[in-house]
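A structural walkthrough
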Amino acid sequence: MRSIPKNIATVLASGGVFWACFLVFVSLATQSLQFLSMFAPGFLIWGLWIVRAKSRNLHVHYRRLIWSASIAYNLFWLLRFLRSPANQPLLYTGWWTLAAGLSLVAIILESEGTETDRRS
């Protein structure tokens with residue numbers, strides 16, 4: 001069961017590669033660093049997914065922090081886009097829904113941690 005959150009982090013980090021490349025490309029094409037800086041917290045979340053995917057002995061509190069940040073960030077963007085009157089591309093809303101949902105599953109599984117996790 002402990003490998004499922006790591007696998008989720010791997011999937012999300014892989015998707016994050018696409019988003020990072022896309023955002024850098026759009027930022028360079030529009031010559032707008034403001035556009036890129038708007039999504040800067042997403043780069044942090046991406047880095048945290050990579051840390052979670054690669055770590056072996058990350059304390060359960062840090063793992064929960066990673067997933068909490070991921071849920072908050074992705075729900076923020078999902079709700080922001082859903083509130084706007086224009087039709088939003090499914091790619092955006094689909095990604096944020098997937099990322100928030102998988103992060104929720106991961107934090108639940110991390111909370112079930114092993115006995116060693118609970119003692120440390």
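Residues numbered from 1 in each chain as written. Predicted model: local features only at pLDDT ≥ 70, side-chain atom pairs only at ≥ 80, totals over all residues. Heavy atoms only, no water.

**Describing the packing of aromatic side chains**
Following the criterion strictly, the structure yields 15 aromatic pairs and no others. For the ring pair W19 and F22, a centre distance of 5.8 Å and an interplane angle of 85 degrees mean the geometry is edge-to-face. On the criterion of helical spacing, the pair formed by W19 and F22 is a turn pair, its members being 3 residues apart in helix α1 (residues 3–30). On the accessibility criterion, W19 (13% relative accessible area) is buried. Under the relative-accessibility criterion, F22 is labelled partly exposed at 28%. Seen in terms of ring centroids, F81 and Y92 are 5.6 Å apart; in terms of plane orientation they differ by 85 degrees. Their pairing is edge-to-face. (Phe/Tyr/Trp six-rings, centres within 6.5 Å; stacked < 30°, edge-to-face > 60°. Helix = DSSP H or I, 4+ residues; strand = E, 2+ residues; numbered from the N terminus. Buried < 20%, exposed > 50% of the residue type's maximum accessible area, 1.4 Å probe, protein only.)

**Here's the deal with the environment of V11**
One can find V11 in helix α1. As for V11 and L102, which are separated by 91 residues in sequence, their C-alpha atoms are 9.4 Å apart.

**Looking at the pattern of salt bridges**
Taken as a whole and judged by the stated rule, the model has 2 salt bridges. Across the pair E110 and R52 runs a salt bridge, and its minimum N-O distance is 2.7 Å. Within this pair, whereas E110 is found in helix α5 (residues 90–111), its partner R52 is found in helix α3 (residues 40–54), the two being separated by 58 residues in sequence. Each member of the pair, E110 as well as R52, is classed as buried. With a shortest N-O distance of 2.7 Å, E110 and R63 are connected by a salt bridge. With E110 in helix α5 and R63 in helix α4 (residues 60–83), this pair connects stretches of sequence that are 47 residues apart. (Salt bridge = Lys/Arg side-chain N within 4 Å of Asp/Glu carboxyl O.)

Remember, this is a structural readout, not a statement about activity or role.
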